[in-house]
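Coordinates in review
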Amino acid sequence: MEHLEEIIRNYLRTEEPYALQVDGDWGVGKTYYVKNNIEKKLRGDLNHVVYFSVYGYDSLNQIKKELLYNILLELYPEKKILTGISKANKHIGKIVDAMGDSKLKTISSITGVILDVLNEITNSVNNLKMYPERYLIIFIDDLERISSKIKAEDFIGFVGTELLEKIGCKVIFLSNSVEMKNTKKFQKIKEKTIYRTVQFKYDIDEIEAKLLKNSRIEFIKNNHDWVASILNEFHSEQGTALNIRIFKSVLENYSIVETLLLPDIKNYVPNELHDKIKKSIFLNVYVVTNEYKKNGLSERDIFSLRNIIIRTAGGAILVEGSEQAVKNIYSKYHEKHIPMFDEYIFYSTDISLFILRGYLENRNCIQKWLDIFNLDENDYRSSLSKLYEFRRYTDDQLKEVQEEILSDIKSGVYDFDNLLDALGQLDQYKDMGLIFLDEDYEAVIETQMVEEYPKVIQKEQMDFDTMISVIHQVKIKKNHKKIYENLKALDSKLRKEKLEKFVTTLFTKTYNEVFILLNDPSIQLKELLRLMLDLNSIEKYIVVPNNLSDNLWELVRAGKLDYTEKNDIADFLDNLKMTKENKSLGKIDTFKLEQLIKEFEDRFTLVKEK
């Protein structure tokens, strides 16, 4: 904030016992700016500076003790100084005694004692002003987070009476008034103590000068003006404060994604496209990080981002029936058609999921970028992207494009996401009466989908219906019932095979080996107990000598089965108890089974309460 330092210095020169309030939303960088800029400069002028957060204290007494203790530590950081002085003043001796582990357990007359200390050391007659233009400055942070057990009027009264008037220090509140409870009441109280409230908001020019131009990320440093222009468009122009905390997350996420993708970019992308692709990565990360941090995007929302169709000209369009979160993103970032944004934005599902999951699948980002950014008729431009220009084609030309799409599909160029996109787009052309294919495109696409789907299930955490439902432009369940049923059957078959393998591993391997398998998102543990009943696993693996039932106990104890159907839990427990009663085992095996049953019963209670 350009003028904050000047505002604070002018406040220090005032004689009246009032405080200053610096107000702003959470995350805009108030605390960071004060600690890394203002405090350093104030200390450079030999002022004493105390930073104190009121968050986490349950009583006014606790705040008083800790704050006054911090004042003493700031004035006399080495305890031996106080020890030497204490011989000359009995009051100072009380402070020294109190500065052990108890941290000032008594408050009575502490402020008076502080004044005695100051007078003893400095012979000052002007409270905490050691000499003109030198002050004790207290930054009190998180005013909006003060405990509900503490009355605001009592705390503000303490600041006014003890700190401002009696000790004579300068107090600067850092706060977020929007989050304050009982705002009207606070406004009345603060009038007696706070003489001015200034709004804190970083200037984008300042962000560019201090953060972007000096960034350790080469791309950010080299394109600082472009990044600053993006921030101006979505913050300064829209009147919203830039959240510094979130923006730093944007930079960190970008840095990681760029590092992970850089080898592929260098190997497979022409040099002239490197900058465009990095800008696209940045915008993808910027949008998704902001919305995830502020509004809590889900994985379903991420998959739904494909409903924002990126076009080679004219900006993006939104598919009808999209999720609300996607509508909000479209309205906020795309509706204005900002050229510097529209020119580069593309949402990669892998990059977007990285923001949520913390790891990058890296499936086919490179090819999609090449499709978007190579607008000439060359090898990099996919046949599917050519459909967007159909109004410029003759019937024969559009037929050629559609035949090229089928040829690419048969050759295996398209992954499962591309196949869904192709199916949806060809459906739209069919509805418009603009399909010129002699071949059945549905059959061609289905054949390739069946080949690609096993790759999807390796990494997909959603169930099949949820995953399919987020592709709104492909009404596969309604318009392609045969494809839907065949894929759903394949999904069930593959997941069952995975789960059967997991059951075998669970009772034949160590728990560490079992734990590794848990990273496979296709394993649906909520189906585990029902499958174990169907496979007769209790008699085969659990109620047997030298069993590994403790592996299952570890799973239950870790809450991995909490989403199992209640009936499946009850049936499994009944079967387990009955089988145990009818079989004689050694003491250790019996102990493990009883431990397992008890854990099930305890967790079953927890599940029922959810």
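Rules used throughout
Residues numbered from 1 in each chain as written. Predicted model: local features only at pLDDT ≥ 70, side-chain atom pairs only at ≥ 80, totals over all residues. Heavy atoms only, no water. Helix = DSSP H or I, 4+ residues; strand = E, 2+ residues; numbered from the N terminus. Contact = heavy atoms within 4.5 Å. Areas by Shrake-Rupley, 256 points an atom, 1.4 Å probe, with all protein chains shown as cover. Buried < 20%, exposed > 50% of the residue type's maximum accessible area, 1.4 Å probe, protein only. Pairing = 2+ DSSP bridges. Axes fitted to C-alpha atoms, helices over the stretch in contact; angles between N-to-C directions. Core = buried A, V, L, I, M, F, W, Y, C linked by side-chain atoms within 4.5 Å. Phe/Tyr/Trp six-rings, centres within 6.5 Å; stacked < 30°, edge-to-face > 60°. Lys NZ or Arg CZ within 6 Å of the ring centre and 35° of its normal. Salt bridge = Lys/Arg side-chain N within 4 Å of Asp/Glu carboxyl O. Parallel < 35°, antiparallel > 145°, perpendicular 65-115°, else oblique. Left-handed = near helix turned anticlockwise from the far one by under 90°. Nonpolar A, V, L, I, M, F, W, Y, C, P; charged D, E, K, R; others polar. pLDDT = per-residue confidence, 0-100. Patch = residues over 30% accessible without salt bridge, like charges linked within 9 Å, V, L, I, M, F, W, Y side chains within 5 Å. Lys, Arg positive; Asp, Glu negative; His and termini not counted. Charge placed at Lys NZ, Arg CZ, Asp CG, Glu CD. Right-handed = clockwise from strand over helix to strand, strands pointing away. Arc of directions from axis to C-beta.

1. Observations concerning the overall build of the protein chain
For the protein chain, the helix and strand inventory stands at 30 helices and seven strands. For the protein chain, contacts bridging at least 24 residues in sequence account for 74% of all contacts bridging at least 6. In the form shown here, the protein chain has an accessible surface area of approximately 29,900 Å², with 47% of it arising from carbon and sulfur atoms.

2. Section: helix α17 (residues 349-357)
For α17, the buried fraction is high: eight of the nine residues fall into the buried class. Thr349, Asp350, Ile351, Ser352, Leu353, Phe354, Ile355 and Arg357 are the residues of α17 that are buried. Taken from the residues just after α17, Gly358 is the one with a positive phi, measuring 90°.

3. Considering the sheet that holds strand β3 (residues 136-141)
If you trace the five strands from one edge of the open sheet to the other, you get β2-β3-β4-β1-β5, paired in parallel fashion. Of all strands in the sheet, those with a lone pairing partner are β2 (48-53) and β5 (194-199), marking the two edges. In this sheet, adjacent strand axes meet at a mean angle of 20° when their direction is disregarded. Note: β3 against strand β4 (residues 170-175), five bridges, orientation parallel. Pairing of Ile138 across the sheet is with Val171, part of β4. Contacting β2 and β3, helix α3 (residues 60-75) runs over the sheet at an angle of about 155° to β2. Contacts between helix α7 (residues 152-167) and the sheet are confined to β1 (19-23), β3 and β4, with β4 contributing the most and set at about 155° to the helix.

4. Description of the nonpolar core
Ranked by internal contacts, the top residues of the largest apolar core, which has 58 residues, are Phe247, Ile281, Phe282 and Trp369. Those residues within four positions of Ile281 in sequence are excluded, and the remaining contacts are Tyr254, Val257, Leu261, Ile265, Ile351 and Trp369.

5. A closer look at the packing of aromatic side chains
This structure, assessed with the given rule, holds 20 aromatic pairs. Aromatic side chains Tyr11 and Tyr195 sit 5.8 Å apart centroid to centroid with 25° between the ring planes, which places their arrangement in the stacked category. Taken together, the residues span a long stretch of sequence, with Tyr11 in helix α1 (residues 4-12) and Tyr195 in strand β5 at a distance of 184 residues. Among the residues examined, Tyr11 registers a relative accessible area of 0% and is labelled buried. Relative to Tyr254, the ring of Phe219 lies with its centre 5.2 Å away and its plane at 35°, an arrangement referred to as tilted. One end of the pair, Phe219, is in helix α10 (residues 218-222); the other, Tyr254, is in helix α12 (residues 244-268), with 35 residues separating them in the sequence. Taken together, the ring pairs in this structure connect Phe219, Trp226, Phe234, Tyr254, Phe282, Tyr286, Tyr333, Phe341 and Tyr344 into an aromatic cluster. Its end group placed over the ring of Tyr55, Arg145 keeps NZ or CZ at 5.6 Å from the ring centre. The positively charged end of Lys170 is found above the aromatic ring belonging to Tyr11, 5.0 Å away from the centroid.

6. Remarks on the pattern of salt bridges
The final tally for this structure, using the stated rule, is 28 salt bridges. The salt bridge involving Lys430 is made with Glu442; its shortest N-O contact spans 3.6 Å. Of this pair, Lys430 sits in helix α20 (residues 416-431) while Glu442 is found in helix α21 (residues 441-457), placing the two residues 12 residues apart along the sequence. Linked through salt bridges whose partners overlap, the residues forming this network are Glu5, Arg9, Lys41 and Asp45.

7. Details of the packing of helix α19 (residues 395-410) against α20
With their axes 12 Å apart at the nearest point, α19 and α20 run at an angle of 155° to one another. In this view, α19 runs roughly antiparallel relative to α20, as classed from their interaxial angle. As for how α19 packs across α20, the hand of that crossing is left-handed. Residues Leu398, Gln402 and Ile409 of α19 form the contact with α20, whose participating residues are Leu419, Ala422, Leu426 and Tyr429. Taken together, the residues of the contact of α19 with α20 sort by class into six nonpolar, one polar and no charged.

8. Focus on the packing of helix α13 (residues 274-295) against helix α15 (residues 324-334)
How two helices sit against one another is set out by the angle between their axes and by the gap between those axes. Closest axis-to-axis distance for the α13/α15 pair is 12 Å, and the angle between their directions is 125°. Judged on the interaxial angle alone, α15 and α13 are oblique. The two elements α13 and α15 cross, and the hand of that crossing is right-handed. Touching Tyr286, Val287, Asn290, Glu291 and Lys294 of α13 are Ile329, Lys332 and Tyr333, all from α15.

9. Remarks on the confidence of the model for the protein chain
Looking at the protein chain, pLDDT values average 81 and 81% of them are 70 or higher. Predicted confidence in the protein chain is weakest over helix α4 (residues 79-86), with a mean pLDDT of 45, and strongest over α10, with 95. This model gives residues 80-94 a pLDDT under 50, and the stretch forms 19 contacts once residues within four places in sequence are excluded. Segment residues 121-131: pLDDT under 50, and 26 contacts once partners within four positions in sequence are set aside and those in other chains are kept.

10. Notes on a negative patch on the surface
Together, Asp395, Asp396, Glu400 and Glu403 give the surface a local cluster of negative charge. Mapped onto the fold, Asp396 is located in helix α19.

11. Topic: the pairing of β3
Walk down a regular strand and you will see the side chains alternate between the two sheet faces. Along β3, six of the six residues are buried, which leaves the element largely enclosed by surrounding structure. Of the two faces of β3, the one holding Leu136, Ile138 and Ile140 and the one holding Ile137, Phe139 and Asp141 are both buried throughout. Of the strand pairs in this sheet, β2 and β3 are connected by six bridges, and their pairing is parallel. Counted as the bridge partner of Val50 is Ile138 from β3. After leaving β3, the chain enters α7 and then returns to the sheet as β4, a path that is right-handed.

12. Quick notes on α15
Those residues of α15 that sit buried are Val326, Ile329, Tyr330, Tyr333 and His334. Buried residues of α15 fall within an arc of 100° about the axis and therefore sit on the same side.

13. Concerning the environment of Lys210
As for its placement among the helices and strands, Lys210 is situated in helix α9 (residues 204-212). Discounting chain neighbours no more than four positions away, the residues touching Lys210 are Tyr33 and Asn37.

14. Considerations on the environment of Val285
You can see Val285 is positioned in helix α13. Spatially, the C-alpha atom of Val285 lies 9.7 Å from that of Glu252, the residues being 33 residues apart in sequence. Setting aside residues no more than four positions away along its own chain, Val285 makes contact with Val250, Asn253, Tyr254, Val257, Asn290, Ile351 and Ile355.

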